[in-house]
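# An overview of the molecular structure
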Amino acid sequence: MRHNVTCEWDALEVSAAALKRENMLYDIAFTSCLRRANQTLEVILKELNLTGIPVRQLWRLNERHYGALTGFNKRQMADIYGEEQVQVWRRSFNIPPPAIEPTNPYYHAIKNNPRLRHINEQDFPTTETLETTMERVVPEWTDSIIPEVRAGKRVLVVAHGTSLRGLVKHIQGISDADIMKFNLPNSIPFIIDFDESMKMVGNIRFLANDDTVLKAMEKVASIGGK
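Position numbers for residues count from 1 along each chain, tracking the sequence in the order it is written. Only residues with pLDDT of at least 70 get local features here, since the model is predicted, and only at 80 or more are side-chain atom pairs given and counted; chain-wide, interface and lining totals rely on the full set of residues. Hydrogen atoms and water are omitted, and side-chain values are computed over all heavy atoms in the structure.

### Looking at the nonpolar core
Stated precisely, the cut-off is as follows: For our purposes a nonpolar core is just a set of buried Ala, Val, Leu, Ile, Met, Phe, Trp, Tyr and Cys residues, chained together by side-chain atoms within 4.5 Å. To sort residues, take the accessible area from a 1.4 Å probe on protein chains only and compare it with the maximum for the residue type: under 20% means buried, over 50% means exposed, and anything in between is partly exposed. Working definition: helices are DSSP H or I runs of at least four residues, strands are E runs of at least two. Numbering for both runs from the N terminus. Contacts are assigned to residue pairs that have any heavy atoms within 4.5 Å of one another.
Residues Leu61 and Phe206 are the most contacted members of the largest nonpolar core, which totals 29 residues. Secondary structure elements with two or more residues in this core: strand 1 (28–31), helix 6 (130–150), helix 7 (161–172), strand 5 (200–206) and helix 8 (210–221). Looking at this core element by element, the count peaks at seven residues for helix 6. Leave out the neighbours within four places in its chain, and Phe206 touches Leu184, Pro185, Ile188, Pro189, Phe190, Val213 and Met217. Counting 17 residues, the second-largest nonpolar core is a separate cluster that includes Ala18, Leu19, Val158 and Ile191.

### Focus on the environment of Lys111
Counting through the fold element by element, Lys111 comes out in helix 5 (residues 107–111). In the structure, Lys111 is positioned 14 residues away from Pro125 in sequence and 9.9 Å away in space, judged by C-alpha atoms. Not counting residues within four places of it along the chain, the set of residues in contact with Lys111 comprises Glu121 and Phe124.

### Topic: the UniProt feature "site: Transition state stabilizer" (unreviewed entry) in the protein
This is how the line gets drawn: UniProt positions are given in the numbering used here, feature names are shortened, and annotations may be inferred rather than shown by experiment. The definition of a polar contact used here is a pair of N or O atoms within 3.5 Å, where within protein one atom must be able to donate a hydrogen and the other to accept one, and adjacent residues in sequence count solely through side-chain atom pairs.
The UniProt entry lists His160 under the feature "site: Transition state stabilizer" (unreviewed entry), expressed in the numbering used here. Residues within four places of His160 in sequence aside, it is in contact with Ser32, Leu34, Arg36, Ala37, Leu61, Asn62, Glu63 and Arg165. Among the polar contacts made by the side chain of His160, one reaches the side chain of Arg36 at a distance of 3.2 Å.

### What about helix 4 (residues 83–91)?
Since the α-helix turns once every 3.6 residues, residues separated by three or four places project in the same direction. When we look at burial in helix 4, the residues that qualify are Val86, Trp89, Arg90 and Arg91. Buried residues belonging to helix 4 abut helix 3 (74–81), helix 7 and helix 8.

### Observations regarding the pattern of salt bridges
The condition that has to hold: The working definition used for a salt bridge is a side-chain nitrogen of Lys or Arg within 4 Å of a carboxyl oxygen of Asp or Glu.
Tallied over the entire structure, the rule returns twelve salt bridges. Arg75 is the salt-bridge partner of Asp79, the closest N and O atoms lying 3.2 Å from each other. Of this pair, Asp79 and Arg75 are both found in helix 3, four residues apart, which corresponds to roughly one turn of the helix. For Asp79, a relative accessible area of 44% corresponds to the partly exposed category.

### Side note on the sheet that holds strand 3 (residues 155–158)
Backbone hydrogen bonds hold the strands of a sheet together, and the pairing may be parallel or antiparallel. Convention followed: The pairing criterion for strands is at least two bridges between them, as found by DSSP. Structural elements are reduced to axes, namely lines fitted to C-alpha atoms, with helices fitted over the stretch in contact, and the angle between N-to-C directions of any two is expressed from 0 to 180 degrees.
Read from one edge to the other, the open sheet built from three strands follows the order 2-1-3, with strand pairing classed as parallel. Of all strands in the sheet, those bounded by a partner on one side alone are strand 2 (55–57) and strand 3. Across the sheet, the mean angle from the axis of one strand to that of its neighbour is 20°, orientation sign disregarded. Pairing analysis gives three bridges linking strand 1 to strand 2, with the strands arranged parallel. Residue pairing in the sheet places Ala29 in a bridge with Val55 of strand 2. Sheet strands in contact with helix 2 (residues 35–47) are strand 1, strand 2 and strand 3, and its direction is about 140° off that of strand 3.

### Some details on the packing of aromatic side chains
Cut-off, in case you're wondering: Here the aromatic set is Phe, Tyr and Trp, taking the six-membered ring for Trp, and pairing holds for ring centres within 6.5 Å; pairs whose planes are under 30 degrees apart are stacked, those over 60 apart are edge-to-face, and all others are tilted. In this scheme, the term charge over a ring applies when either NZ of a lysine or CZ of an arginine sits within 6 Å of the ring centre and within 35 degrees of the ring normal.
Counted by the stated rule, this structure contains three aromatic pairs. Judged by centre distance (5.9 Å) and plane angle (45°), the ring pair of Trp141 and Phe194 falls under tilted. A residue pair is termed long-range when its members are at least 10 positions apart, and Trp141 in helix 6 and Phe194 in strand 4 (residues 190–194) qualify at 53 residues. A cation over an aromatic ring shows up here: Lys111 above the ring of Phe124, its NZ or CZ 4.6 Å from the ring centre.

This is the structure we're talking about:
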């Protein structure tokens, strides 16, 4: 419950507030099939008076599957596997954590989640890396989201840390090595502009001051204390 309250507070006081200050307007929104992203999007659209725009829920925008690490926070994972190993799993491009097993208490809850039942068995992951997450996220970006941008739509994407990190890697052409050092701050919206040829114009613009963005990035990168 505390986690949900925190997410809702961030959605209202950080995400929605920043977009409202910028007078952002959107014609269509994309999000994942996971409750956290859906709740965040609902809060944002309500605050922006945009509850009537089309919303598309795409499972390929879901957060990365952390395999056997599912259900643990960063500190708990570090206590079990060691901080160095956990950081490799979290930040590397293509080194996966162990796959989730049926003995994991979250295994059946994930597999039987009504929001995920439409996913084909062969597409349902048991562990993922940033690389394999991108293998499902980038085609969705290309096939579903980019056509709306090309049509002149103002597009809002509300997703998750790793799925968005993968999109930014793809859009900016960040190398496999450099992506290990790249962190997206939680809850702080960012804007990417494109020209008519769909090339990125300028840099990512975060809707917060530099100090706030830096601190949020450091928090994402950190394992955290006990």
